[in-house]
Amino acid sequence: MAKFTYNQNAIACVYKGKWLDSLLELRYILSIEETHYWLRDDLSIYYNLDTVPEGIKGGLKTYTPDFLVRNMRTGKATLVELKPAGYDDRWELLRRRKIAEDFIQFMGFDWEYEVVFSHQIVLNRQAQLKFDNFLSKWRIGLSPSFLHKSEWQSLGYIDFVMYGGSPAVIL
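Heads up: these notes are all about the structure in this document.

### Quick word on the nonpolar core
Line of reasoning, step 1. In terms of nonpolar packing, the biggest core is built from 23 residues, with Leu26, Tyr28, Trp38, Phe67 and Leu82 touching the most fellow members.
Line of reasoning, step 2. Sorting the residues of this core by element identifies β1 (13–15), α1 (23–32), β6 (67–71), β7 (77–83) and α3 (125–139) as the ones contributing at least two each.
Line of reasoning, step 3. If you tally residues by element for this core, the top one is α1, at seven residues.
Line of reasoning, step 4. In this structure, Ile45, Tyr47, Leu68 and Tyr113 belong to the second largest nonpolar core, which totals 18 residues.

Structure below.
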């Protein structure tokens, strides 16, 4: 089987002060933002720690999932990897799942791991309007950062998404 290749360059954007690598990521956030808190930054998982030769760089590798989300109502946390519908590298997905699940278990987090494919993302009417508005502005050359001004997130918010507990106050 040939290695999966992306057919087009991703369109990056800024949403709520966070850099997103693609429209797929924007669609995903728009689909969950009413029900989930989400983190995008600082999600790198280091692995191959036992095979690192002398010097740090050797065999040390990182895997960075796309998002960590936590359901506002249930508190359930999920480490999310997004892929286009046609993505078919089953072995790579299995490798990433193992890395993520080993990390979650080692850290004792209450997280789960999930791969979400583009065809599974459904936008409600309001989210679809936001997405369409972004695309129309992008097509005429406006900066994507107009969508929302940067919002400050409290440490309590980050703690809630990372570790659970009581819902955070978002200023």
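There's more to say after this.
### What to know about α1
Line of reasoning, step 1. Counting buried residues in α1 gives eight out of 10 residues, a clear majority hidden from the surface.
Line of reasoning, step 2. Of all the residues in α1, the buried ones are Leu23, Leu24, Glu25, Leu26, Tyr28, Ile29, Leu30 and Ile32.

### Comments concerning empty space enclosed by the protein
Line of reasoning, step 1. This structure, assessed with the given rule, holds one cavity of 30 Å³ or more.
Line of reasoning, step 2. Residue lining of the largest cavity: Leu30, Glu33, Glu34, Asn124, Gln126, Ala127 and Lys130, and that is the complete set.
Line of reasoning, step 3. The element that contributes the greatest number of residues to the lining of the largest cavity is α3, accounting for three residues.
Line of reasoning, step 4. Split by residue class, the lining of the largest cavity holds two nonpolar, two polar and three charged.

Conventions adopted
- Residues numbered from 1 in each chain as written.
- Predicted model: local features only at pLDDT ≥ 70, side-chain atom pairs only at ≥ 80, totals over all residues.
- Heavy atoms only, no water.
- Core = buried A, V, L, I, M, F, W, Y, C linked by side-chain atoms within 4.5 Å.
- Buried < 20%, exposed > 50% of the residue type's maximum accessible area, 1.4 Å probe, protein only.
- Helix = DSSP H or I, 4+ residues; strand = E, 2+ residues; numbered from the N terminus.
- 1 Å grid on protein atoms, 1.4 Å probe; cavity = no way out; pocket = protein on both sides within 12 Å on 5 of 7 lines; lining within 4 Å.
- Points joined across faces, edges and corners; volume = space filled by probe spheres on them.
- Nonpolar A, V, L, I, M, F, W, Y, C, P; charged D, E, K, R; others polar.

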